[in-house]
Amino acid sequence: MPTIIDKKSFVDEITRYRDMDLDNLINGFTPIDIERVLSKKNLSEIDYLALLSPAAEPHLEKTARSAKKITVQNFGNVVSLYTPLYLSDFCINQCLYCGFNVSNSLIRKKLTLDEVEREAQSIAETGLKHILILTGESRKHSPVSYIKDCVTILHKYFTSISIEIYPLDEDEYTELIAAGVDGVTIYQEVYNPEIYSRVHISGPKSNYNYRLETPDRASRAGIRTINIGALLGLDKFYSEAFFTGIHAAYLQKTYPEIEVSISIPRLQPHLGDFTEIYSIDDKKLVQYMLAIRLFLPRVGIALSTRESAVLRDNLINLGVTKISAGSTTVVGGHTSEEKRTAQFEISDNRSVTQMKKLLLKKGYQPVLKDWQTVCEI
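Residues numbered from 1 in each chain as written. Predicted model: local features only at pLDDT ≥ 70, side-chain atom pairs only at ≥ 80, totals over all residues. Heavy atoms only, no water.

Asks: What's the story with the overall build of the protein in this structure? I'm lost.
Replies: Helix and strand counts for the protein stand at 15 helices and 11 strands. The C-alpha atoms of the protein give a radius of gyration of 20 Å, which matches the 21 Å a tight globule of 377 residues would have. Projected onto its principal axes, the C-alpha positions of the protein cover 60 × 50 × 40 Å. A buried classification covers 59% of the 377 residues belonging to the protein. Taking as baseline every contact in the protein between residues at least 6 positions apart, the subset at least 24 positions apart corresponds to 77%. (Helix = DSSP H or I, 4+ residues; strand = E, 2+ residues; numbered from the N terminus. Rg over C-alpha atoms; globule rule 2.2 N^0.38 Å. Buried < 20%, exposed > 50% of the residue type's maximum accessible area, 1.4 Å probe, protein only. Contact = heavy atoms within 4.5 Å.)

Put into structure tokens, the structure is as follows:
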């Protein structure tokens, strides 16, 4: 796997922030600083950090009003719906926080192409036209050729296909884009390189820089949408939130033609005994989401079923633009009744129909199709 970065990427950009004393800065902001930030239209990186600070907590209500106004201005009263489809749970990485960890004892499965089609048919019956396909990181079991074959099948049922798989080289992204893929989701998991090394024991995912520049490679290949995020709980919340925001800002500036989104996932129970978790309570999650909205008015914000139904219902009004529904983190989980190991536990089991009704009740238009890929298969 490549380790030399021969093109400009976020690897270069992030080094500018490595010497910042975030712990000292985050505790140095005052209520006057927060009032000043909230009065501004365009925020700097330091302004964004201020909104993540303890000094900003008493101002969450005012921040929420601003975030809601900005979201409506840029996205309208619209929320897009999608669902994940797990193709395979074979993985060669030893990531301490993941249920698919190669050292975990579980019966692995990879969908056949016929099973992929059955999953697609089941999901399509809900009306969804946007799907996110996922695999464990094993090029042996889920090579690019297999992903491409799956995309060919899925393209008969869905107009937008995103992938959340192992990082690819630029030419491989080009190949999948030609097959019909238009979105890439890639989580750095944790931006702190020391913690990253500690929780990624072995496997290709242990290559920090290669993963960090994945959105650059996909963007240069011509992808339409990029979704990034940190897995909240692996490091201090304000540190990971700050670097995720900086990363998204870099992508928007460097690739202005690409739609950039951020996910805000928190660690959830999974197979394994990883316990080195930084607590991220609901209030901090809200603070992060509001700060992102003010810092990056046009960035998409995705909220998954990792969060509870009650919390998701309350967060919809505060800046969410994409939300999952009818989710399962089990390979073949949309059609198979076989008991299998999930990547992690989901907290909101509501169906697509239930989420549509909720959004309509709240005054939002649920969007099941907002993009049509045009390509030759």
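Now, onward.
Asks: Please explain the packing of aromatic side chains as it appears in this structure.
Replies: Two aromatic rings are characterised by how far apart their centres lie and by the angle between their planes. Under the definition given, this model contains eight aromatic pairs. Relative to Tyr 250, the ring of Phe 10 lies with its centre 5.4 Å away and its plane at 50°, an arrangement referred to as tilted. With Phe 10 in helix H1 (residues 10-14) and Tyr 250 in helix H12 (residues 237-254), this pair connects stretches of sequence that are 240 residues apart. Comparing Phe 10 with Tyr 250, the two get one shared label, buried. A ring pair is formed by Tyr 196 and Tyr 208, whose centres lie 5.0 Å apart and whose planes are at 90°; its orientation type is edge-to-face. In this pair, Tyr 196 sits in helix H9 (residues 193-199) while Tyr 208 sits in helix H10 (residues 208-212), placing the two residues 12 residues apart along the sequence. Classification of Tyr 196 as buried rests on a relative accessible area of 1%. The structure contains a cluster of three or more aromatic residues connected by ring pairs, namely Tyr 17, Tyr 48, Tyr 191, Phe 242, Phe 243 and Phe 295. Here the basic side chain of Arg 18 rests over the ring of Phe 243, its NZ or CZ set 5.2 Å away from the ring centre. (Phe/Tyr/Trp six-rings, centres within 6.5 Å; stacked < 30°, edge-to-face > 60°. Lys NZ or Arg CZ within 6 Å of the ring centre and 35° of its normal.)

Asks: What is the right way to look at the packing of helix H7 (residues 144-154) against helix H8 (residues 170-179) in this model?
Replies: The description of two packed helices rests on the angle between their axes and on the distance between the axes. Look at H7 against H8: their axes get within 9 Å of each other, and the N-to-C directions meet at 15°. Relative to H8, H7 is oriented roughly parallel. In terms of crossing hand, the pair formed by H7 and H8 is right-handed. Contacts between H7 and H8 involve Val 144, Ile 147, Lys 148 and Val 151 from the first element and Glu 172, Glu 175, Leu 176 and Ala 179 from the second. (Axes fitted to C-alpha atoms, helices over the stretch in contact; angles between N-to-C directions. Parallel < 35°, antiparallel > 145°, perpendicular 65-115°, else oblique. Left-handed = near helix turned anticlockwise from the far one by under 90°.)

Asks: Please explain the pairing of strand S9 (residues 300-303) as it appears in this structure.
Replies: Regular strands place side chains that alternate from one sheet face to the opposite one. Burial along S9 is two-sided: the face carrying Gly 300 and Ala 302 and the face carrying Ile 301 and Leu 303 are both buried. Bridge count for strand S8 (residues 259-263) against S9 is three bridges, and the pairing is parallel. Bridging from a neighbouring strand, Ser 261 pairs with Gly 300 of S9. Handedness of the β-α-β unit built from S9, helix H14 (residues 309-315) and strand S10 (residues 322-324) comes out right-handed. (Pairing = 2+ DSSP bridges. Right-handed = clockwise from strand over helix to strand, strands pointing away.)

Asks: Explanation requested: H7 in the structure shown.
Replies: Residues spaced three or four apart along an α-helix point in a common direction, a consequence of the helix completing one turn every 3.6 residues. When we look at burial in H7, the residues that qualify are Val 144, Tyr 146, Ile 147, Cys 150, Val 151, Ile 153 and Leu 154. In this structure, the buried side of H7 is in contact with strand S1 (78-88), helix H6 (113-124), strand S3 (130-135), strand S4 (160-164), H8 and strand S5 (181-189).

Asks: Honestly, the pairing of S8 in this entry has me stumped. Any pointers?
Replies: For S8, the tally of buried residues reaches four of five residues, placing the bulk of the element in the interior. Looking at chain direction, strand S7 (residues 225-230) and S8 are connected through four bridges and run parallel. Bridging from a neighbouring strand, Ile 228 pairs with Ile 262 of S8. Between the parallel elements S7 and S8, the chain passes through H12 in a crossover that is right-handed.

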